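A structural walkthrough
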Amino acid sequence: MLKADFHMTDKRIVMTTAGSVDEARRIAETLVDRKLAACVNIVPKVVSIYRWKGKVEEAEEWLLWVKTAAPFEHVRDAILEMHSYELPECLSISIEAGSEQYLKWLDDSSQ
C-alpha cells in the first residue's frame, strides 16, 4: 500500500486577469518580490467574453494563477493597487490538499 503524501491546507490560488503581458508580468513579479506569492503562472492570450455596463464585451487577456500562503486580503489589496482595470477579477480558490513538500515551499516562499 502506498503512503499518501497529501495534507489538508489553508493555502490558496488567487486568480486574476490582466489586459497586457507587461501588466501581467509586473503584477506577478511584484507579488513574488513582496512574498505575497510563491509562484505566479501567466497563461497567455485567453479570450474573455463578459457583460460590462449592460453590454457584452470581448477581450484578449492574460490569466494569472497566484499560488500563495499569504492572507487573501493582502494579495487582493496588492492586485487592486497595481491593476489598470476599473474592476479587476480577484478570486480566491482554496487548496484543499497537496503534497507536504509543495505546501511547505508555499509557506516558506509567501507570507
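As shown above, the structure is provided for reference.
Note that the structure is a prediction, hence the values are computed from the model and not measured.

To continue, consider the pairing of strand β2 (residues 12–18). As a general feature of sheets, a regular strand has side chains that alternate between the two faces. The element β2 is largely enclosed, with a buried count of seven among its seven residues. Across seven bridges, the pairing between β2 and strand β4 (residues 55–68) is antiparallel. Considered in β4, the bridge of Thr-16 is made with Leu-64. With four bridges connecting them, β2 and strand β5 (residues 91–94) associate as antiparallel partners. Bridging from a neighbouring strand, Met-15 pairs with Leu-91 of β5.

One can find Lys-67 in strand β4. Buried charge without a salt bridge: Lys-67, with Asp-107 as the nearest opposite-charge side chain at an N-O distance of 15 Å. In contact with Lys-67, other than residues within four places in its own chain, are Arg-12, Ile-13, Ala-37, Ala-38, Cys-39, Asn-41, Tyr-102 and Leu-106.

A few words now on helix α1 (residues 21–33). Here α1 contains 13 residues, and its C-alpha end-to-end distance of 18 Å stays within 8% of the 18 Å for a straight helix at 1.5 Å per residue. Among the residues of α1, Glu-23, Ala-24, Ile-27, Ala-28, Thr-30 and Leu-31 are the ones counted as buried. Mapping the buried residues of α1 onto a view down its axis gives an arc of 170°, with all of them on the same face. Along α1, exposed side chains directed more than 90 degrees from the buried face belong to Asp-22 and Asp-33. Against β2, β3 (39–52), β4 and α2 (72–82) lie the buried residues of α1. Count one or two residues on from α1 and you reach Lys-35, which has phi positive near 60°.

One recurring pattern in soluble globular proteins: nonpolar side chains tend to sit buried together. Within the largest apolar cluster, 19 residues are counted, with the highest numbers of intra-cluster contacts made by Val-14, Leu-31, Leu-64, Val-66, Val-75 and Ile-79. Elements with a minimum of two residues in this core: β2, α1, β4 and α2. Take this core: its biggest share by element is five residues, from α2. With sequence-adjacent residues up to four places away left out, Leu-64 is seen in contact with Val-14, Met-15, Thr-16, Thr-17, Ala-18, Ala-24, Ile-27, Ala-28, Val-40, Asn-41 and Ile-42.

The rules behind the values
Residues numbered from 1 in each chain as written. Predicted model: local features only at pLDDT ≥ 70, side-chain atom pairs only at ≥ 80, totals over all residues. Heavy atoms only, no water. Buried < 20%, exposed > 50% of the residue type's maximum accessible area, 1.4 Å probe, protein only. Helix = DSSP H or I, 4+ residues; strand = E, 2+ residues; numbered from the N terminus. Pairing = 2+ DSSP bridges. Lys, Arg positive; Asp, Glu negative; His and termini not counted. Salt bridge = Lys/Arg side-chain N within 4 Å of Asp/Glu carboxyl O. Contact = heavy atoms within 4.5 Å. Expected span 1.5 Å × (residues − 1). Arc of directions from axis to C-beta. Core = buried A, V, L, I, M, F, W, Y, C linked by side-chain atoms within 4.5 Å.

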